[in-house]
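Now for the letters of each chain:
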Amino acid sequence: MTGRAFGLGAVLSTCLLTAGGSGAIAQAQDFPLYDQPLPVVSINREALIQRSDLGRHLSDMLAERQSALVAENEELAARLEQEELDLTELRKTMSAQDFKPMAEAFDAKVKKTRREQDQKSVDLAKSLESMRFRFFRQAESIIVQLMQERGVMFVLDESVVWMSQGGDVTNTVIERMNSAYAAGEISIE
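Residues numbered from 1 in each chain as written. Predicted model: local features only at pLDDT ≥ 70, side-chain atom pairs only at ≥ 80, totals over all residues. Heavy atoms only, no water.

(A) Structural view of the overall build of the protein. Helix and strand counts for the protein stand at 5 helices and 2 strands. When burial is assessed residue by residue, the protein has 25% of its 189 residues classed as buried. Summarising the internal contacts of the protein: among those between residues at least 6 apart in sequence, 78% fall at separations of at least 24. Of the roughly 13,000 Å² of accessible surface on the protein, 54% is carried by carbon and sulfur atoms. (Helix = DSSP H or I, 4+ residues; strand = E, 2+ residues; numbered from the N terminus. Buried < 20%, exposed > 50% of the residue type's maximum accessible area, 1.4 Å probe, protein only. Contact = heavy atoms within 4.5 Å. Areas by Shrake-Rupley, 256 points an atom, 1.4 Å probe, with all protein chains shown as cover.)

Put into C-alpha coordinates, the structure is as follows:
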(Lines give C-alpha, C1' and ligand atoms only; values in the text may rest on other atoms or scores of the structure.)
Protein backbone atom coordinates (compact mmCIF):
# COMPACT_ATOMS: atom_id res chain seq x y z
CA MET A 1 0.00 0.00 0.00
CA THR A 2 1.18 3.47 -0.75
CA GLY A 3 -0.14 4.98 2.43
CA ARG A 4 -2.02 7.58 0.37
CA ALA A 5 -5.63 7.86 1.40
CA PHE A 6 -8.63 9.06 -0.50
CA GLY A 7 -11.72 10.51 1.14
CA LEU A 8 -14.88 8.53 0.68
CA GLY A 9 -16.35 11.24 -1.54
CA ALA A 10 -13.28 11.29 -3.76
CA VAL A 11 -13.40 7.54 -4.20
CA LEU A 12 -17.10 7.53 -4.91
CA SER A 13 -16.86 10.47 -7.32
CA THR A 14 -14.30 8.62 -9.42
CA CYS A 15 -16.55 5.60 -9.78
CA LEU A 16 -18.98 5.37 -12.64
CA LEU A 17 -22.41 4.70 -11.23
CA THR A 18 -25.31 3.59 -13.34
CA ALA A 19 -28.81 4.37 -12.18
CA GLY A 20 -31.42 1.70 -12.86
CA GLY A 21 -29.61 0.45 -15.94
CA SER A 22 -30.30 3.70 -17.80
CA GLY A 23 -26.61 4.41 -18.26
CA ALA A 24 -26.83 7.75 -16.44
CA ILE A 25 -23.43 8.69 -15.02
CA ALA A 26 -23.21 10.31 -11.60
CA GLN A 27 -21.51 13.66 -11.65
CA ALA A 28 -18.44 14.33 -9.45
CA GLN A 29 -20.10 17.34 -7.83
CA ASP A 30 -22.75 15.01 -6.35
CA PHE A 31 -20.25 13.87 -3.73
CA PRO A 32 -18.30 15.93 -1.18
CA LEU A 33 -14.54 15.96 -1.62
CA TYR A 34 -12.20 15.78 1.37
CA ASP A 35 -8.82 17.47 1.46
CA GLN A 36 -7.67 15.39 4.43
CA PRO A 37 -7.91 11.65 4.92
CA LEU A 38 -10.83 10.49 7.00
CA PRO A 39 -9.69 9.87 10.60
CA VAL A 40 -10.23 6.11 10.69
CA VAL A 41 -8.11 3.48 12.43
CA SER A 42 -8.47 -0.23 13.03
CA ILE A 43 -8.22 -2.54 16.03
CA ASN A 44 -7.42 -6.22 16.03
CA ARG A 45 -9.65 -7.48 18.85
CA GLU A 46 -8.02 -10.91 19.09
CA ALA A 47 -4.56 -9.33 19.33
CA LEU A 48 -5.83 -7.23 22.25
CA ILE A 49 -6.68 -10.43 24.10
CA GLN A 50 -3.64 -12.42 23.04
CA ARG A 51 -0.99 -9.76 23.60
CA SER A 52 -2.23 -7.57 26.45
CA ASP A 53 -1.46 -8.50 30.05
CA LEU A 54 -5.14 -8.34 30.99
CA GLY A 55 -6.06 -10.47 27.98
CA ARG A 56 -3.42 -13.08 28.84
CA HIS A 57 -4.71 -13.10 32.43
CA LEU A 58 -8.22 -13.71 31.07
CA SER A 59 -6.98 -16.49 28.76
CA ASP A 60 -4.99 -18.17 31.54
CA MET A 61 -7.93 -18.01 33.94
CA LEU A 62 -10.32 -19.52 31.41
CA ALA A 63 -7.82 -22.22 30.36
CA GLU A 64 -7.43 -23.15 34.02
CA ARG A 65 -11.20 -23.43 34.46
CA GLN A 66 -11.54 -25.46 31.28
CA SER A 67 -8.75 -27.83 32.33
CA ALA A 68 -10.40 -28.30 35.72
CA LEU A 69 -13.71 -29.15 34.04
CA VAL A 70 -12.03 -31.61 31.67
CA ALA A 71 -10.26 -33.29 34.61
CA GLU A 72 -13.53 -33.46 36.54
CA ASN A 73 -15.29 -35.00 33.51
CA GLU A 74 -12.54 -37.60 33.13
CA GLU A 75 -12.69 -38.48 36.83
CA LEU A 76 -16.48 -38.83 36.74
CA ALA A 77 -16.32 -40.95 33.58
CA ALA A 78 -13.76 -43.27 35.19
CA ARG A 79 -15.91 -43.64 38.33
CA LEU A 80 -19.04 -44.33 36.32
CA GLU A 81 -17.20 -46.83 34.17
CA GLN A 82 -15.97 -48.66 37.27
CA GLU A 83 -19.47 -48.60 38.75
CA GLU A 84 -20.83 -50.07 35.51
CA LEU A 85 -18.23 -52.85 35.62
CA ASP A 86 -19.16 -53.57 39.24
CA LEU A 87 -22.84 -53.71 38.29
CA THR A 88 -22.05 -56.08 35.43
CA GLU A 89 -20.30 -58.43 37.85
CA LEU A 90 -23.11 -58.10 40.39
CA ARG A 91 -25.65 -58.93 37.67
CA LYS A 92 -24.17 -62.41 37.43
CA THR A 93 -25.22 -63.13 41.03
CA MET A 94 -28.72 -61.57 40.98
CA SER A 95 -32.08 -62.22 39.46
CA ALA A 96 -33.24 -59.86 36.72
CA GLN A 97 -36.04 -58.65 38.98
CA ASP A 98 -33.62 -57.70 41.78
CA PHE A 99 -31.07 -56.21 39.39
CA LYS A 100 -33.49 -54.03 37.39
CA PRO A 101 -33.90 -51.25 40.05
CA MET A 102 -30.12 -51.03 40.45
CA ALA A 103 -29.63 -50.75 36.70
CA GLU A 104 -32.32 -48.07 36.44
CA ALA A 105 -30.79 -46.13 39.32
CA PHE A 106 -27.38 -46.28 37.64
CA ASP A 107 -28.86 -45.15 34.32
CA ALA A 108 -30.56 -42.21 36.07
CA LYS A 109 -27.28 -41.32 37.80
CA VAL A 110 -25.41 -41.32 34.46
CA LYS A 111 -28.04 -39.09 32.84
CA LYS A 112 -28.02 -36.69 35.79
CA THR A 113 -24.21 -36.52 35.76
CA ARG A 114 -24.21 -35.78 32.02
CA ARG A 115 -26.80 -33.01 32.44
CA GLU A 116 -24.81 -31.46 35.29
CA GLN A 117 -21.53 -31.59 33.38
CA ASP A 118 -23.18 -30.23 30.23
CA GLN A 119 -24.56 -27.36 32.32
CA LYS A 120 -21.08 -26.68 33.67
CA SER A 121 -19.79 -26.46 30.08
CA VAL A 122 -22.58 -24.03 29.19
CA ASP A 123 -21.83 -21.98 32.31
CA LEU A 124 -18.14 -21.88 31.40
CA ALA A 125 -18.97 -20.68 27.88
CA LYS A 126 -21.24 -17.97 29.34
CA SER A 127 -18.48 -16.99 31.73
CA LEU A 128 -16.06 -16.69 28.82
CA GLU A 129 -18.47 -14.48 26.91
CA SER A 130 -19.11 -12.33 29.97
CA MET A 131 -15.40 -11.90 30.65
CA ARG A 132 -14.70 -11.06 27.00
CA PHE A 133 -17.45 -8.46 27.17
CA ARG A 134 -15.96 -6.93 30.33
CA PHE A 135 -12.50 -7.05 28.75
CA PHE A 136 -13.65 -5.05 25.74
CA ARG A 137 -15.56 -2.62 27.95
CA GLN A 138 -12.24 -1.96 29.72
CA ALA A 139 -10.48 -1.55 26.37
CA GLU A 140 -13.22 0.79 25.17
CA SER A 141 -12.29 3.54 27.62
CA ILE A 142 -8.69 3.43 26.43
CA ILE A 143 -9.76 3.39 22.78
CA VAL A 144 -12.06 6.39 23.33
CA GLN A 145 -9.21 8.30 24.98
CA LEU A 146 -6.93 7.46 22.04
CA MET A 147 -9.64 8.57 19.60
CA GLN A 148 -9.91 11.92 21.36
CA GLU A 149 -6.14 12.41 21.40
CA ARG A 150 -5.72 11.61 17.70
CA GLY A 151 -8.97 13.08 16.36
CA VAL A 152 -10.15 9.66 15.22
CA MET A 153 -13.79 9.44 14.16
CA PHE A 154 -14.08 5.70 13.52
CA VAL A 155 -12.41 2.58 14.90
CA LEU A 156 -13.04 -0.48 12.78
CA ASP A 157 -12.49 -4.16 13.55
CA GLU A 158 -9.44 -5.15 11.53
CA SER A 159 -10.83 -8.62 10.83
CA VAL A 160 -13.36 -7.19 8.38
CA VAL A 161 -11.71 -4.01 7.04
CA TRP A 162 -8.66 -3.19 4.94
CA MET A 163 -7.29 0.30 5.12
CA SER A 164 -4.65 2.20 3.23
CA GLN A 165 -4.35 5.02 5.77
CA GLY A 166 -5.08 5.57 9.43
CA GLY A 167 -3.52 2.36 10.49
CA ASP A 168 -3.80 -0.22 13.17
CA VAL A 169 -3.69 1.17 16.72
CA THR A 170 -3.84 -2.23 18.41
CA ASN A 171 -0.29 -2.00 19.78
CA THR A 172 -0.94 1.44 21.27
CA VAL A 173 -4.11 0.19 22.95
CA ILE A 174 -2.26 -2.90 24.25
CA GLU A 175 0.51 -0.73 25.74
CA ARG A 176 -2.04 1.51 27.45
CA MET A 177 -4.08 -1.45 28.68
CA ASN A 178 -0.93 -3.05 30.11
CA SER A 179 -0.10 0.17 31.96
CA ALA A 180 -3.64 0.53 33.29
CA TYR A 181 -3.79 -3.15 34.29
CA ALA A 182 -0.42 -2.97 36.05
CA ALA A 183 -1.64 0.13 37.91
CA GLY A 184 -4.81 -1.69 38.96
CA GLU A 185 -7.02 0.72 37.01
CA ILE A 186 -8.76 -1.99 34.97
CA SER A 187 -9.88 -5.55 35.71
CA ILE A 188 -12.27 -8.14 34.34
CA GLU A 189 -13.28 -9.39 37.77
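Still more to cover.
(B) Focus on the packing of helix H3 (residues 53–91) against helix H4 (residues 96–150). One can describe the packing of H3 onto H4 by two numbers: an axis separation of 11 Å at closest approach and a directional angle of 175 degrees. Our classification of the angle between H3 and H4 gives roughly antiparallel. Taken together, the residues of the contact of H3 with H4 sort by class into 18 nonpolar, 8 polar and 8 charged. (Axes fitted to C-alpha atoms, helices over the stretch in contact; angles between N-to-C directions. Parallel < 35°, antiparallel > 145°, perpendicular 65-115°, else oblique. Nonpolar A, V, L, I, M, F, W, Y, C, P; charged D, E, K, R; others polar.)

(C) Region of the structure containing the packing of H3 against helix H5 (residues 170–182). Between H3 and H5, the shortest axis-to-axis distance is 7 Å and the interhelical angle comes to 70 degrees. In terms of orientation, H3 lies roughly perpendicular with respect to H5. Seen from H3, the contacting residues are Asp53, Leu54 and His57; seen from H5, they are Met177, Asn178 and Tyr181. Taken together, the residues of the contact of H3 with H5 sort by class into 3 nonpolar, 2 polar and 1 charged.

(D) Representation of the environment of Arg134 in the model. Mapped onto the elements, Arg134 comes out in helix H4. Separated by 52 residues in sequence, Arg134 and Ile186 have C-alpha atoms that sit 9.9 Å apart.

(E) Summary view of the confidence of the model for the protein. Residues of the protein with pLDDT of at least 70 account for 75%, and the chain-wide mean is 79. The spread of mean pLDDT over the elements of the protein runs between helix H1 (residues 8–14), the lowest at 33, and H3, the highest at 94. Segment residues 1–34: pLDDT under 50, and 31 contacts once partners within four positions in sequence are set aside and those in other chains are kept. (pLDDT = per-residue confidence, 0-100.)

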